[in-house]
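Results of the structural survey
The primary structure of each chain is shown beneath.
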Amino acid sequence: MQTGDRYRYDFITRDAGGNLRLWSQDCVVNEEGYVEAADDPLDLTPSVDRETLAAWAEYWTLDTRHGGPADCLVPAGETLVGHRLMRS
C-alpha cells in the first residue's frame, strides 16, 4: 500500500429484528501507511436489493487481516455479519 491509495470498506450488519443492512466507508492510506476513514463510516448505503445483500452476507467472511468485529463501528443493537476491504 502506498500513501494516497484509496479503498472502500463495506460491512453488513444484522439488527435485532434480523434485517440485514449494508454500510460503506471510503478509506485512504495515510502517511504512516494505515488505512483510515475518509468519510463517516455509518453512511447507510441502500445500494443493493434484499436478495443480493443476503447473498453477500452469506459469502463474505470476517478477514482478520483487515480487522475484526471489535474494530468495526456497528450501530447499537446490531451485529456484524461480514465485511470486505477492496481497492477502489
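Parameters and conventions
Residue numbers restart at each chain and count upward from 1, following the sequence in its written direction. Only residues with pLDDT of 70 or above have their local features reported here, since the model is predicted, and side-chain atom pairs are shown and tallied only from 80 upward, although totals for entire chains, interfaces and linings are computed over all residues. Computation of side-chain values: all heavy atoms of the structure, hydrogens and water removed. Joining through side-chain atoms within 4.5 Å is the link that ties buried Ala, Val, Leu, Ile, Met, Phe, Trp, Tyr and Cys residues into a set, and such a set is a nonpolar core. Here's how the labels work: a residue is buried when its accessible area is under 20% of the maximum for its type, exposed when over 50%, partly exposed in between, all with a 1.4 Å probe on protein chains only. Under the scheme used here, helices are H or I runs from DSSP no shorter than 4 residues and strands are E runs no shorter than 2 residues, and both carry numbers assigned from the N terminus. In what follows, a contact means two residues having at least one pair of non-hydrogen atoms within 4.5 Å. Salt bridges are counted wherever a side-chain nitrogen of Lys or Arg sits within 4 Å of a carboxyl oxygen of Asp or Glu. Here the rule is simple: two strands pair whenever DSSP picks up at least two bridges between them.

1. A short note on the nonpolar core
Formed by Y7, Y9, F11, W23, C27, V29, C72 and L80, the largest nonpolar core amounts to eight residues. Those elements giving two or more residues to this core turn out to be β1 (6-15) and β2 (20-29). When neighbours within four sequence positions are excluded, Y9 is seen to be in contact with W23, S24, Q25, C27, C72, H83, R84 and L85.

2. So, the pattern of salt bridges
This structure, assessed with the given rule, holds four salt bridges. Here D26 and R8 are joined by a salt bridge, their closest N and O atoms 2.8 Å apart. You can see D26 sitting in strand β2 and its partner R8 sitting in strand β1, a full 18 residues away along the chain. Looking at D26, the relative accessible area reads 28%, which means it is partly exposed. Take R8: its relative accessible area is 26%, and that puts it in the partly exposed class. Where salt bridges share partners, they join R8, D10, D26 and R84 into one cluster.

3. Examining the environment of Y9
Structurally, Y9 is set in strand β1. For the pair Y9 and D26, spaced 17 residues apart in the sequence, the C-alpha separation amounts to 6.3 Å.

4. Description of the pairing of β1
Sheet analysis places β1 next to β2, joined by nine bridges and oriented antiparallel. By the bridge assignment for β2, Y7 is matched with C27. Between the antiparallel neighbours β1 and β2 lie four residues, among them G18 with a positive phi of about 90°. In the sheet, β1 pairs with strand β4 (residues 78-87) via nine bridges, with the strands oriented antiparallel. Bridge pairing in β4 links D10 to R84.

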